Amino acid sequence: MPPLSQALEAAHARRLRRYRLVLLALGLLLLPSLLLALGLGVYRIAWQEWPQLVQGGEAYLVLTQIRLPRVLLAALVGGLWGLSGAVLQGLFRTPLADPALIGMGAGGALGAALWSFGMSGAWMLYGLPLAALAGTLLAVALVWRLAYREGQVQVTTLILVGVIFSTVAGALIGLLGQLGGETQSRDFTFWTQGGFSGSNWALVGPLAGLGLLAGGLLLRLAPWLNALVLGEREARMLGLDVVRFKRQALWGVALAVGVAVAGGGVIAFVGLLAPQLFRWLAGPDHRYALPGALLLGALLGVWGDLLARLLAAPLEVPLSFLTALVGGPLFLWMLVQRVRL
């Protein structure tokens, strides 16, 4: 074998090994993170108490009925935000794309708020993901329409339209809260600031099913996202129907974001942070970047919720405040770097 071929093969093997090691490390880190989040909080469950939990009591109820559904929902929602961000960044071929930044999260929140304003009981609970999905699709259609110029999406326009749409949607949610009274206003704050204080098993069940469906649909897009990196013309030459593929990808992202918003409100910058962190740790190959962003998003969701519970206990800090403290400066830095190029 020629020396150049040997060098290329060795470099490829090193990259694969790096991808797999990073994915393995993230998977192994998730389990202790879940256990830590289960034990810590305003009501702390010490490690030595865990063997006695099977006997019931107050700690058992806190763990099984409050803490466990909350931690699982935080992992699910964070993972869906991270995976959605990775798909959008590959679809638009820019690291600046984030479902929350381009208005998808605000659309889902508006749909969920409108539904919960007029519904109650089982209708409100089980229709919530569908309402959030409808709002997300509306945001996708509007933002895509306004940002699409000369056969491609203008990233700057995409972000500007998303920010404007998010502002208007937030104002409408606030108006609905005022019309509904003090209790409704306090509840609707959840949709714009994010959090998992309302988690319960009745919510986790249906959202987990829809979330697994959305995750499966998005993970299958990885090979074609790699082809799209080469450019739309080259992707067509490889047999990809670009228009149909983009439509399918956006439907999958809309479903994932709708589920995420229904479960945790709008959590900004997780969709930006998770894919970017994985690319820094391992590389850009979507076959690994999509599951990597999913795992990193789940970790961010679990740790973000834990910090939100602990920083101002017994009060809770809105989760988007924490993610914005990290994601905001990162986004600004990435935007400045893009302008310089």
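Only a predicted model underlies this, so the values are computations on that prediction, with no experimental measurement involved.

Reading guide: rules and limits
- Residues numbered from 1 in each chain as written.
- Predicted model: local features only at pLDDT ≥ 70, side-chain atom pairs only at ≥ 80, totals over all residues.
- Heavy atoms only, no water.
- Helix = DSSP H or I, 4+ residues; strand = E, 2+ residues; numbered from the N terminus.
- Buried < 20%, exposed > 50% of the residue type's maximum accessible area, 1.4 Å probe, protein only.
- Contact = heavy atoms within 4.5 Å.
- Areas by Shrake-Rupley, 256 points an atom, 1.4 Å probe, with all protein chains shown as cover.
- 1 Å grid on protein atoms, 1.4 Å probe; cavity = no way out; pocket = protein on both sides within 12 Å on 5 of 7 lines; lining within 4 Å.
- Points joined across faces, edges and corners; volume = space filled by probe spheres on them.
- Nonpolar A, V, L, I, M, F, W, Y, C, P; charged D, E, K, R; others polar.
- Phe/Tyr/Trp six-rings, centres within 6.5 Å; stacked < 30°, edge-to-face > 60°.
- Axes fitted to C-alpha atoms, helices over the stretch in contact; angles between N-to-C directions.
- Parallel < 35°, antiparallel > 145°, perpendicular 65-115°, else oblique.
- Left-handed = near helix turned anticlockwise from the far one by under 90°.
- Core = buried A, V, L, I, M, F, W, Y, C linked by side-chain atoms within 4.5 Å.
- pLDDT = per-residue confidence, 0-100.
- Polar contact = N/O pair within 3.5 Å; in protein donor to acceptor, adjacent residues only side chain to side chain.

Overview of the overall build of the protein chain
Reasoning step 1: The number of helices and strands found in the protein chain is 13 helices and 2 strands.
Reasoning step 2: By the burial criterion, 50% of the 341 residues in the protein chain qualify as buried.
Reasoning step 3: Partitioning the intrachain contacts of the protein chain with sequence separation of at least 6 by distance along the chain shows that 78% fall at a separation of at least 24.
Reasoning step 4: When the accessible surface of the protein chain is summed, it comes to about 16700 Å², and 67% of that surface belongs to carbon and sulfur atoms.

What to know about empty space enclosed by the protein
Empty space left among the atoms is revealed by rolling a probe the size of a water molecule over them.
Reasoning step 1: Counted according to the given criterion, the structure contains 1 cavity of 30 Å³ or more.
Reasoning step 2: Computed from the structure, the largest cavity encloses a volume of approximately 60 Å³.
Reasoning step 3: As for the largest cavity, its lining consists of Leu 88, Phe 92, Ile 102, Met 104, Ala 139, Val 140, Val 143, Trp 144, Leu 158 and Leu 250.
Reasoning step 4: When residues in the lining of the largest cavity are grouped by element, the largest group, 4 residues, is from helix α4 (residues 121–147).
Reasoning step 5: Its residues assigned to classes, the lining of the largest cavity comprises 10 nonpolar, no polar and no charged.

Concerning the packing of aromatic side chains
Any pair of aromatic rings gets described here by the distance separating the centres and the angle formed by the planes.
Reasoning step 1: The final tally for this structure, using the stated rule, is 2 aromatic pairs.
Reasoning step 2: Measuring from centroid to centroid gives 6.3 Å for Tyr 19 and Phe 278, while their planes differ by 20 degrees, and the two rings are stacked. In this pair, Tyr 19 sits in helix α1 (residues 3–39) while Phe 278 sits in helix α11 (residues 270–281), placing the two residues 259 residues apart along the sequence.
Reasoning step 3: Here Tyr 19 falls in the buried class, since its relative accessible area comes to 5%.
Reasoning step 4: The exposure class of Phe 278 is buried, given its relative accessible area of 0%.
Reasoning step 5: Summarising the aromatic geometry, the rings of Tyr 19 and Tyr 288 are spaced 4.6 Å apart at their centres and angled 10 degrees between planes, so their arrangement reads as stacked. Of the two residues, Tyr 19 is situated in helix α1 and Tyr 288 in helix α12 (residues 286–310); the sequence distance between them amounts to 269 residues.

Looking at the packing of α11 against α12
Reasoning step 1: Contact geometry of α11 with α12 gives a least axis separation of 8 Å together with a crossing angle of 125 degrees. When the axis of α11 is compared with that of α12, the two are oblique. The interaxial crossing formed by α11 with α12 has right-handed handedness. In this structure, α11 uses Val 270, Leu 273, Ala 274, Pro 275, Leu 277 and Phe 278 to contact α12, whose residues at the interface are Tyr 288, Ala 289, Gly 292, Ala 293, Leu 296, Gly 297 and Leu 300.
Reasoning step 2: In terms of residue class, the contact of α11 with α12 is made up of 11 nonpolar, 2 polar and no charged.

A few points about the nonpolar core
Reasoning step 1: Grouped together as the largest cluster of nonpolar side chains are 100 residues, with contacts concentrated most on Leu 73, Trp 81, Val 87, Leu 88 and Phe 278.
Reasoning step 2: The element that contributes the greatest number of residues to this core is helix α2 (residues 58–92), accounting for 16 residues.
Reasoning step 3: If we ignore the near neighbours within four places in the chain, the residues touching Phe 278 are Tyr 19, Val 22, Leu 23, Leu 26, Gly 283, Tyr 288, Ala 289, Gly 292 and Leu 296.

Some remarks on the confidence of the model for the protein chain
Reasoning step 1: The share of residues in the protein chain with pLDDT of 70 or more is 88%, and the mean pLDDT across the chain is 83.
Reasoning step 2: Of all the helices and strands in the protein chain, strand β2 (residues 152–153) carries the lowest mean pLDDT, 66, while α12 carries the highest, 94.

As for the environment of Glu 316
Reasoning step 1: Among the secondary structure elements, Glu 316 is positioned in the loop between α12 and α13 (319–340).
Reasoning step 2: Non-local contacts of Glu 316, meaning those with residues more than four positions away in its chain, are made with Arg 70, Ser 197, Ala 308 and Arg 309.
Reasoning step 3: At 2.8 Å, the side chain of Glu 316 and the side chain of Arg 70 are in polar contact.

What about the packing of α2 against helix α10 (residues 242–264)?
Reasoning step 1: Running from amino to carboxyl end, α2 crosses α10 at an angle of 155 degrees, the nearest separation of the two axes being 9 Å. In terms of axis orientation, α2 runs roughly antiparallel to α10. The two elements α2 and α10 cross, and the hand of that crossing is left-handed. On α10, the residues touching Leu 73, Val 77, Leu 80, Trp 81, Ser 84, Val 87, Leu 88 and Leu 91 of α2 are Phe 245, Lys 246, Ala 249, Leu 250, Val 253, Ala 256, Val 257, Val 259, Ala 260, Val 261, Gly 263 and Gly 264.
Reasoning step 2: Of the residues that constitute the contact of α2 with α10, the class distribution is 16 nonpolar, 3 polar and 1 charged.

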